[in-house]
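Here is what each chain is made of, one letter per residue.
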Amino acid sequence: MAAHILLVEDEVKLARFVELELSSEGYHTSVAHDGIEGLTLARESSPDLMILDWMLPGLSGVEVCRRLRATGNKVPVILLTAKDEVSDRVAGLDAGADDYLVKPFSIEELLARVRAHLRRTQEVDRDVLQFEDLSLNRRTREVFRGKRAIELTAKEFDLLDYLLSHPRQVYTRDQILERVWGYDFGGDSNIIEVYVRYLRLKLEENNEKRLIHTVRGVGYVLRE
Ligand code: CA
């Protein structure tokens, strides 16, 4: 799916030029021409990245950035500006911008930074698996059903991680044994059933709907 980039720039010709370049790179691009509109669009459309001009009518780019961060919005922000003083850079970064590009900039440099920031957020995203109201964080090893934190043992976590890595894909019992237990597997073929039962108890503790389903004679699948 194409990344969605929100460009907030009041210089119409520059905005049009950058928008065309971004679109030709395959990004889905939206444009706002003042700070208020930019802030509104950022909140409503949840872009994957923002390119934000500093000097904007209505609300400055730095102020837009500060307000987004104040409400916990973590969208990567590249700030564009004609300012080139160290104190300005610091102010921009203090407001929560991730990067800073001084006008006039080369479009190649802007595109390279866009790619770098998108790559970084996508890497973070791979650590978080999500399906319906269930989420699993591979780095913190936290599991949530909605807002409810779920404590899992190491093996339960590994089993859920495997099923959650490809929702709707049916895994055979052999695949699960090999991937989750590997050499730890002591020959008890009921082990999967036992662990699936534990997982279901924990995931459905508040009568949440079942996500781990048995595919009779084959194995298991995570689906609605
Ligand atoms: Ca401007």
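No experiment lies behind these values; they were computed from the predicted model shown.

Definitions and limits used
- Residues numbered from 1 in each chain as written.
- Predicted model: local features only at pLDDT ≥ 70, side-chain atom pairs only at ≥ 80, totals over all residues.
- Heavy atoms only, no water.
- Helix = DSSP H or I, 4+ residues; strand = E, 2+ residues; numbered from the N terminus.
- Buried < 20%, exposed > 50% of the residue type's maximum accessible area, 1.4 Å probe, protein only.
- Contact = heavy atoms within 4.5 Å.
- Polar contact = N/O pair within 3.5 Å; in protein donor to acceptor, adjacent residues only side chain to side chain.
- Donors = N, O, S within 2.8 Å, 3.2 Å for Na, K, Ca; no water.
- Pairing = 2+ DSSP bridges.
- Axes fitted to C-alpha atoms, helices over the stretch in contact; angles between N-to-C directions.

Q: Could you clarify how one ought to interpret the environment of Glu208 in this entry?
A: For Glu208, the location among the structural elements is in the loop between helix H8 (191-203) and strand E11 (212-215). Taking the relative accessible area as the measure of exposure, Glu208 reaches 17% and is therefore buried. The sequence separation of Glu208 and Arg145 amounts to 63 residues, and the corresponding C-alpha distance is 8.5 Å. Excluding anything up to four places from it in sequence, Glu208 contacts Arg145, Arg148 and Leu203. Within the local environment of Glu208, its side chain forms a polar contact with the side chain of Arg148, the two groups lying 3.1 Å apart. Within polar-contact distance, the side chain of Glu208 engages the backbone nitrogen of Asn206 at 2.9 Å.

Q: I tried to follow the coordination of the calcium ion on my own but got confused; where do I start?
A: Put simply, the ideal angle at a metal is 109.5 degrees for four donors in tetrahedral geometry and 90 or 180 degrees for six donors in octahedral geometry. Distances from the calcium ion to its protein donors, Asp10 (OD), Asp53 (OD) and Met55 (O), fall at 2.1 to 2.3 Å. Looking at Asp10, the relative accessible area reads 29%, which means it is partly exposed. Residue classification places Met55 among the exposed residues on the basis of a relative accessible area of 54%.

Q: Any chance you could explain the sheet that holds strand E2 (residues 28-32) here in plain terms?
A: Across a sheet, strands are paired by hydrogen bonds formed along the backbone, either parallel or antiparallel in direction. Pairing in this open sheet of five strands is parallel, and the strands run E2-E1-E3-E4-E5 from one edge to the other. Single-partner strands in this sheet number two, and they are E2 and strand E5 (99-102). Looking at each pair of strands side by side, their axes are set apart by 20 degrees on average, direction ignored. Pairing of strand E3 (residues 49-53) with strand E4 (residues 77-81), which is carried by four bridges, proceeds in the parallel orientation. Note that in E4 the partner of Met50 across the bridge is Val77. Seen against the sheet, helix H1 (residues 12-24) touches strand E1 (4-8), E2 and E3 and runs at an angle of roughly 165 degrees to E2.

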